[in-house]
Structures are given as C-alpha cells and as structure tokens.
Amino acid sequence: MQQKNEHNIQPLLLTVPQAARSLGISRAKLYVLLAQQQGPPVIRFGRSVRISIDSLQKWIKEQENASL
C-alpha cells in the first residue's frame, strides 16, 4: 500500500511574500508592481491575493522579452 506524503505537494498558487521570495525581490516591491499593474496577474479570494506559478513564469518570460 502506498503512503501519501502531503509534504511533497507543490502549491499551484503563491502568496505575495512567497512570489517575492521566488523572484528575489522584496515583498514591498512586488506590492508596488501589483499596484501599478506592472506585476504578474493575480487571483483574488476575497481579500486574499494569490499568484499562480504558471502566470508568474509567463510574466518573467515577458519581462525578459521586453528587455531585449
């Protein structure tokens, strides 16, 4: 019988602090980018803001292409 290990589950959505850490920027900087609508797209659940891994990776690629 296989044992489920819940610690191996990768999140599909990140909080703003988690996304900022993965980008290597401060949480405050990411909030500024989001407020200026220059950051990655977000998903809102009431007052909770989440950023999907896929949209974060796509946004990074867009930033790379824009700087060429």
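- Where an unreviewed UniProt entry is consulted, the protein appears under the name Helix-turn-helix domain-containing protein, with the organism given as Dictyobacter halimunensis.

A word on the packing of helix H1 (residues 16-23) against helix H3 (residues 53-66)
Alright, step 1. Packing of H1 against H3 brings their axes to within 12 Å, and their N-to-C directions diverge by 40 degrees. In terms of orientation, H1 and H3 fall into the oblique class. By crossing handedness, the relation of H1 to H3 is classed as right-handed. For the pair formed by H1 and H3, the contact residues are Ala 19, Ser 22 and Leu 23 on the first element and Leu 56, Trp 59 and Ile 60 on the second.
Alright, step 2. Grouping the constituent residues of the contact of H1 with H3 by class yields five nonpolar, one polar and no charged.

Conventions and cut-offs
Sequence order as written defines residue numbering, which begins from 1 separately in each chain. A pLDDT threshold of at least 70 governs which residues receive local features in this predicted model, and a stricter bar of 80 or more applies before side-chain atom pairs are shown or counted, although totals over entire chains, interfaces and linings include all residues. Water and hydrogen atoms play no part in the side-chain values, which are based on all heavy atoms of the structure. A fitted line through C-alpha atoms represents every axis, and for helices the fit uses only the stretch in contact; the resulting angles, taken between N-to-C directions, go from 0 to 180 degrees. Strands here are runs of E lasting at least two residues and helices are runs of H or I lasting at least four, both read from the DSSP assignment and numbered beginning at the N terminus. The scheme is simple: roughly parallel for angles under 35 degrees, roughly antiparallel for over 145, roughly perpendicular for 65 to 115, oblique for anything else. A clockwise turn of the near helix away from the far one marks a right-handed crossing, whereas an anticlockwise turn of less than a right angle marks a left-handed crossing. By definition in these notes, contact holds between two residues if any of their heavy atoms fall within 4.5 Å. We call Asp, Glu, Lys and Arg charged. Ala, Val, Leu, Ile, Met, Phe, Trp, Tyr, Cys and Pro are nonpolar, and the rest, Gly among them, are polar.

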